[in-house]
Amino acid sequence: MADVTFTSPAMPKDVTVYATAGDTRTLLSVAKEHKVPIHFECENGECGSCACQVTVLSDKTPLGIALTEKEKTVLKLAGKITDKQIQDAEVKDLPPPWRLACQFIVRHEDILVKF
């Protein structure tokens, strides 16, 4: 299981929830289940409204999680990630700091989500 901590100026306090390891739900679906107010519109990776910073809370090297083609395009056009960060994600399995909540699959790592 993973602890997912959501933090935002839009919330009175941080919210930490448990995500089941091996579940293939998106970060957005976990947030919606727990009534965390991440802004979203399209839910399919095209609008970028659910962009958030994801930080792995571990001393270990973070697991690379593949970016979808939509996610790469939207985050790059929004100036959230660079070509170098995309290359590092693809070649070195280093996750970029910004992700789309509707595309990011929660794994077994504890994470901090800022939005």
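Structure first, text after, so check above.
Caption draft 1: Quick peek at the overall build of the protein chain. Counting secondary structure elements, the protein chain contains three helices and five strands. Listed N to C, the secondary structure of the protein chain is β-β-α-β-α-α-β-β in terms of helices and strands. For the protein chain, the spread of C-alpha atoms along the three principal axes comes to 35 × 30 × 25 Å. Residue burial in the protein chain is summarised as follows: out of 115 residues, 38% are buried. Within the protein chain, counting contacts between residues at least 6 apart in sequence, those at least 24 apart form 68% of the total. Split by element, the accessible area of the protein chain, about 6600 Å² in all, is 52% carbon and sulfur.

Caption draft 2: Up close: unusual backbone geometry. In the Ramachandran plot, Glu43 falls in the positive-phi region, its phi being about 65° despite a non-glycine side chain. Here Glu43 shows up in the loop between α1 (27–33) and β3 (51–56). Residue Glu43 is classed as partly exposed on the basis of its relative accessible area, which comes to 41%. The phi dihedral of Asp93 is positive, around 55°, even though this residue is not glycine.

Caption draft 3: Region of the structure containing the environment of Asp3. Positionally, Asp3 belongs in strand β1 (residues 2–7). According to the relative accessible area criterion, Asp3 is partly exposed, its value standing at 26%. For the pair formed by Asp3 and Tyr18, sequence separation is 15 residues and the distance between their alpha carbons is 4.8 Å. Contact partners of Asp3, with chain neighbours within four places excluded, come to Thr16, Val17, Tyr18, Glu109, Asp110 and Ile111.

Caption draft 4: Summary view of the sheet that holds strand β2 (residues 15–19). Taking strand neighbours across the sheet as the criterion, the five strands line up as β2-β1-β5-β3-β4 in an open arrangement whose pairing is mixed. At either end of the open sheet lies a strand with only one pairing partner, and these are β2 and β4 (98–100). Sheet twist, expressed as the mean angle between neighbouring strand axes with direction ignored, is 35°. Relative to β2, β1 is paired through five bridges, and the arrangement is antiparallel. Considered in β2, the bridge of Phe6 is made with Val15. Together, β3 and β4 form the strand contacts of helix α2 (residues 69–77), whose direction differs from that of β4 by roughly 125°.

Caption draft 5: Looking closely at the pattern of salt bridges. If you walk through the whole model with that rule in mind, you get nine salt bridges. Between Glu69 and Lys72 there is a salt bridge; the shortest N-O distance is 2.8 Å. Taken as a pair, Glu69 and Lys72 lie in helix α2 at a separation of three residues, close to a single helical turn. The class for Glu69 is exposed, based on a relative accessible area of 55%.

Caption draft 6: Layout of helix α3 (residues 83–91). Buried within α3 we find Ile86, Asp88 and Ala89. For α3, the arc enclosing every buried residue in end-on projection is 160°, short of the 170-degree limit, so these residues lie on one face. Tucked inside the fold, the buried residues of α3 contact α2. Downstream of α3 by a residue or two, Asp93 has a phi angle that is positive, lying close to 55°.

What counts and what doesn't
Residues numbered from 1 in each chain as written. Predicted model: local features only at pLDDT ≥ 70, side-chain atom pairs only at ≥ 80, totals over all residues. Heavy atoms only, no water. Helix = DSSP H or I, 4+ residues; strand = E, 2+ residues; numbered from the N terminus. Buried < 20%, exposed > 50% of the residue type's maximum accessible area, 1.4 Å probe, protein only. Contact = heavy atoms within 4.5 Å. Areas by Shrake-Rupley, 256 points an atom, 1.4 Å probe, with all protein chains shown as cover. Pairing = 2+ DSSP bridges. Axes fitted to C-alpha atoms, helices over the stretch in contact; angles between N-to-C directions. Salt bridge = Lys/Arg side-chain N within 4 Å of Asp/Glu carboxyl O. Arc of directions from axis to C-beta.

Interpretation note: all reported values are geometric properties and have no functional meaning in isolation.
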